[in-house]
Amino acid sequence: MIADHPRVGHVTTGGTTESIVLNMGPQHPSMHGVMHMQLELSGETVLAARPVIGYLHRGIEKLAEHRTYAQCMVLVDRLDYISQYSNEWAYCRAVEKLAAIEVAERAEWLRTLYAELVRITSHLLWWTSVGLDLGAFTPMIYAMLPRERIFDFFEATTGSRLMPNYLRFGGVKEDVEQAELDGIHDYLAVDYMKLLDDYDTLLSGNEIFISRQEGLARITTEQAVSWGVTGPMLRATGCPRDLRKDARYGVYDQLDWETQTDTRGDALARYTVRVKEMRESARIAMQCIERMPAGEVRTKVAKILKPPEGEVYVRHESTRGELGIYIVSDGTAKPYRFRVHSPAFMNVSALPHMLPGEHIANFFAIFGGADNVMAEIDR
Amino acid sequence: MTPRMFVFQLLGVLGLIVVLGLNIIIMDWWERKLIGHIHVRPGPMHTGFHGILQPFADMVKMLAKEDVVPTEADKLFFWAGPMIAVVPAFLAMVVLPLAPGFVLADIGHGLFFVFAMQTIMPFGFTLIGWAAHNKWSLVGGLRSAAQLISYEIPMLISALAVVMVAGSARLTDIVDAQATVWYVFKLPVAFALFLVTAVAEMNRTPFDMTEAESELVAGIHTEYAGMKFGLVMMAEYTAMLVGSWMIVLLFLGGWNLWPLPPSPLWVVLKVYLLQSFIVWLRGTYPRLRMDRIMELSWKYLIPAALANLLAVGVLVIVFKGF
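Residues numbered from 1 in each chain as written. Chains lettered and ligands numbered in written order. Predicted model: local features only at pLDDT ≥ 70, side-chain atom pairs only at ≥ 80, totals over all residues.

### Description of the overall build of chain B
Regarding its fold elements, chain B presents 12 helices and zero strands. On C-alpha atoms alone, chain B measures out to a radius of gyration of 20 Å, which is about the 20 Å that the 2.2 N^0.38 rule sets for 322 residues. Seen through its C-alpha atoms, chain B measures out along the principal axes to roughly 60 × 50 × 50 Å. Going through the 322 residues of chain B one by one, you find that 46% of them count as buried. Long-range pairs, those at least 24 residues apart, make up 77% of the contacts in chain B between residues at least 6 apart in sequence. (Helix = DSSP H or I, 4+ residues; strand = E, 2+ residues; numbered from the N terminus. Rg over C-alpha atoms; globule rule 2.2 N^0.38 Å. Buried ≥ 20, exposed ≤ 12 C-beta atoms within 10 Å, placed from the backbone. Contact = placed C-beta atoms within 7 Å.)

### Observations concerning the overall build of chain A
A count of helices and strands for chain A gives 15 helices and eight strands. The C-alpha radius of gyration computed for chain A amounts to 21 Å, which stays within 12% of the reference 21 Å derived for 379 residues, consistent with globular compactness. Each principal axis of the C-alpha distribution contributes one length, and for chain A these read about 75 × 50 × 35 Å. Buried positions account for 50% of the 379 residues belonging to chain A.

### Details of the nonpolar core
By size, the foremost hydrophobic cluster in this structure holds 193 residues, and its most contacted members are I366 of chain A together with V162, F194, I247 and L250 of chain B. Counting residues per element, this core draws most heavily on helix α10 (residues 226–250) of chain B, which supplies 16 residues. I366 of chain A has contacts with L216, A217, A267, L351, M354, L355 and E358 of chain A, leaving out every residue within four places of it along the chain. Formed by five residues, the second largest nonpolar core is a distinct cluster that contains W136, L142, L216 and V217 of chain B. (Core = buried A, V, L, I, M, F, W, Y, C linked by C-beta atoms within 7 Å.)

### Side note on helix α5 (residues 138–158) of chain A
Here α5 of chain A contains 21 residues, and its C-alpha end-to-end distance of 31 Å stays within 8% of the 30 Å for a straight helix at 1.5 Å per residue. Within the span of α5 of chain A, buried status applies to T138, P139, Y142, A143, P146, I150, F153, F154, T157 and T158 of chain A. Residues of α5 of chain A that are buried make contact with α4 (105–133) and α6 (178–204) of chain A together with α1 (3–38) and α11 (264–284) of chain B. Directly after α5 of chain A, the chain includes G159 of chain A, whose backbone phi takes a positive value near 85°. (Expected span 1.5 Å × (residues − 1).)

### Structural notes on the interface of chain A and chain B
For interface size, the figure often reported is the accessible area lost on association. Each partner contributes to the interface: chain A provides 25 residues, whereas chain B provides 24 residues. Considering each element in turn, the side of chain A that touches chain B owes the most residues, four residues, to helix α7 (residues 207–213) of chain A. Here the side of chain A that touches chain B is built from residues that sort into 13 nonpolar, nine polar and three charged. (Nonpolar A, V, L, I, M, F, W, Y, C, P; charged D, E, K, R; others polar.)

### Some remarks on the sheet that holds strand β3 (residues 45–52) of chain A
Residues and elements named next belong to chain A. Strand order in the open sheet formed by three strands is β1-β2-β3, with antiparallel pairing between adjacent strands. The open sheet has two edge strands with one neighbour each: β1 (20–24) and β3. Geometrically, the sheet is characterised by an average inter-axis angle of 25° between neighbouring strands, direction not taken into account. (Pairing = 2+ DSSP bridges. Axes fitted to C-alpha atoms, helices over the stretch in contact; angles between N-to-C directions.)

### Here we look at the confidence of the model for chain B
Residue and element names in this part refer to chain B. In this model, chain B carries an average pLDDT of 85, and 98% of its residues clear a pLDDT of 70 or more. Considering each helix and strand of chain B separately, the mean pLDDT is smallest for helix α9 (residues 213–216), with a value of 70, and largest for helix α8 (residues 188–201), with 90. The ipTM assigned to the predicted complex is 0.73, against a pTM of 0.81. (pLDDT = per-residue confidence, 0-100.)

### As for the sheet that holds strand β8 (residues 335–341) of chain A
As a general point, the strands of a sheet are linked pairwise by backbone hydrogen bonds and lie either parallel or antiparallel. Residues and elements named next belong to chain A. Taken in spatial order, the three strands make up an open sheet running β6-β7-β8, and their pairing is antiparallel. Whereas interior strands pair on both sides, the edge strands pair on one side only; in this sheet they are β6 (310–318) and β8. In this sheet, neighbouring strand axes are inclined to one another by 15° on average, regardless of whether the strands run parallel or antiparallel. With six bridges joining them, strand β7 (residues 321–329) and β8 adopt antiparallel strand pairing. Bridge pairing links S329 to P335 in β8.

### A look at α6 of chain A
All names here are of chain A. The sharpest bend along α6 comes to roughly 40°, located at L188. Those residues of α6 that fall on the buried side of the exposure criterion are I184, L188, Y192, Y199 and L203. Those residues of α6 that are buried are in contact with α4, α5, α7 and α11 (267–291). (Bend = angle between axes of the 7 residues up to and from the residue.)

### Quick word on the packing of α6 of chain A against α11 of chain A
All names here are of chain A. It is at 10 Å that the axes of α6 and α11 come closest, and there the two elements cross at 170°. The orientation of α6 relative to α11 falls into the category roughly antiparallel. Across from L181, I184, H185, L188, A189, Y192, L196 and S204 in α6, the residues of α11 making contact are V275, M278, R279, A282, A285, M286 and I289. (Parallel < 35°, antiparallel > 145°, perpendicular 65-115°, else oblique.)

### Focus: unusual backbone geometry
You will see that D371 of chain A, though not glycine, has its phi angle at about 50°, which is positive. Locating D371 of chain A in the fold gives a position in the loop between α14 (363–370) and α15 (374–378). A positive phi angle is found at H50 of chain B, which is not glycine, with a value near 50°. When you line up the elements, H50 of chain B lands in the loop between α1 and α2 (54–64). With 14 C-beta atoms packed within 10 Å, H50 of chain B lands in the partly exposed category.

### A word on the pairing of strand β2 (residues 36–42) of chain A
Residue and element names in this part refer to chain A. Along β2, the buried face is formed by M37, L39 and L41; none of H36, Q38, E40 and S42, which line the opposite face, is buried. Where β1 lies against β2, five bridges are found, and the strand directions are antiparallel. Within β2, the position partnered with L22 by the bridge is L39. Inspection of the sheet shows β2 paired to β3 by seven bridges, in the antiparallel sense. Bridge pairing in β3 links L39 to A49. Remark: two residues form the turn of the hairpin made by β2 and β3, two consecutive strands paired antiparallel; G43 in that turn has positive phi of roughly 65°.

### Examining the packing of helix α5 (residues 135–166) of chain B against helix α12 (residues 290–318) of chain B
Residue and element names in this part refer to chain B. The N-to-C vectors of α5 and α12 enclose an angle of 10°; their axes lie 9 Å apart at closest approach. Between α5 and α12, the interaxial angle falls into the category roughly parallel. Here the hand of the crossing between α5 and α12 comes out left-handed. Each residue belonging to the contact of α5 with α12 can be placed in one class, and the counts come to 20 nonpolar, six polar and one charged. (Left-handed = near helix turned anticlockwise from the far one by under 90°.)

In structure tokens:
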């Protein structure tokens, strides 16, 4: 069936050749997380790919049913553990919509700031692996430097580098000192931008890198939409879909920034969009710091929150795409049902369509472009 | 052969083994250190001054490790594969001179002897990949066979240009012909081709297809542990030494560093500078794709090498003593 795929060009007929099944992952040195991909190979050409997921299933959705709304915050941190603030924010927005909670104005700015900072760290982590997947080890170490620096800022604010537990219903946990904000601003404006230029020299302009990415696994907007692909992967096909603009939350509408797109739809376009987003996010974060109003960072919310009966679905632009949080409330202090729509899951489920016909060497170049996080897929 | 000569040659062979071991010790440490500093990290620091004893620590670790042989592996070739890879690399060094007269066997076709030995190495790598009975190793072994065979051809053709200009395939003659002007300036195209193909022959980044850890786990030596893995590494480091040494002899003037007097020191210096350059490549470049590597050789390097050979041939005839 797959052998008839139009992109499998050189399957010979007449001779008797057998395809081999190769288990890529979950214990492969360059697999991102515990993903397991069953590849059917003819020589080095992929005939079929079957993602096997579930190695990191922790039952987060079920666990949430046994915790109060406030206690669930630590669970959403662990959904997509490299884009924590985005998850927290999406969850907060869902609960705030359900219980009709007002959010403090300064908190909205802080949320926007930290969501963009975490987008930067997440993209930096992706940037480390995109080089590594193609055999370049140096970019990995280089991109870890700013990532660690931004984690230092997170640590100064929340006391935790990876699992912040910072957002609260109606605001954020604590205010941030102006000196701290200035430090972030200075870092983003000078050192970070300089590093990004270095990265462009090291990888973006590299002849071998471009030749490996160009024209690889090209998808159209129609295909991406039909597979449910969102985020940078969708924007790389030329579709300017960005919930930060479209869903209007936070203070994004008051800031001057552009949705980053690329029309080519190939692996290089996905790379370019993310690299451009790294700069754009820094721009947004800097504007947040410059224009942040003073004031309270939290509104008065009941300690044990009991939202009225009902259900809510909130869409949020996380680093990987459209993150959906669905909550059903039965009027008690615990959610009756908690469900996550994972953008990484949708992006990975597009891979079996994108991989057939490609070389095994391209597997990670395509796979890395999906920028998946298994913790969010398996939950 | 007089007994005196026999003893001399025996000592020479032992000397070569020392050189081989010394090179692995130096390169093991130097590659870790250099690549570390390229990565903005210090590299090994805990074993002696700046990790100078790291190679010995590695060696002890490898020797102390359990010698694992997979049950499904072909026992004979699992054992013989690394040998077949390492012995020719070692044999090639027999004809490589360090100074005028300071060579174990100064044979008239020394250049071709080195190529002949290099031709055997892919057998070793392919057997290593095949014998382990592992899909990753098999793909790595097949890749190495295809790659090494494809790159030997342009490598030899570009070296032929040197032979034509020097008028000899004896390596000492080739170096002596470069007393004032190195062939890298006379034959820049041949040098560029030889450098690229030599890096490919050494299985180094961006041509490290046999290992390709991001795709093939560890490629051919996925199943190898302990000293057998050490042998595979030895083969790779020795191939790197032989390749760099060849480039130095053919294009970089060997022991000549005009206007300074000729000295074996220059050979050592140039060889290690060149090996550092190859390590630097590893710190900078991503890996090429297998089909692109084959394409590069057959579609570009071989025609370019042939055209270069023709052009050099015409120049040699038109301007005698070019």
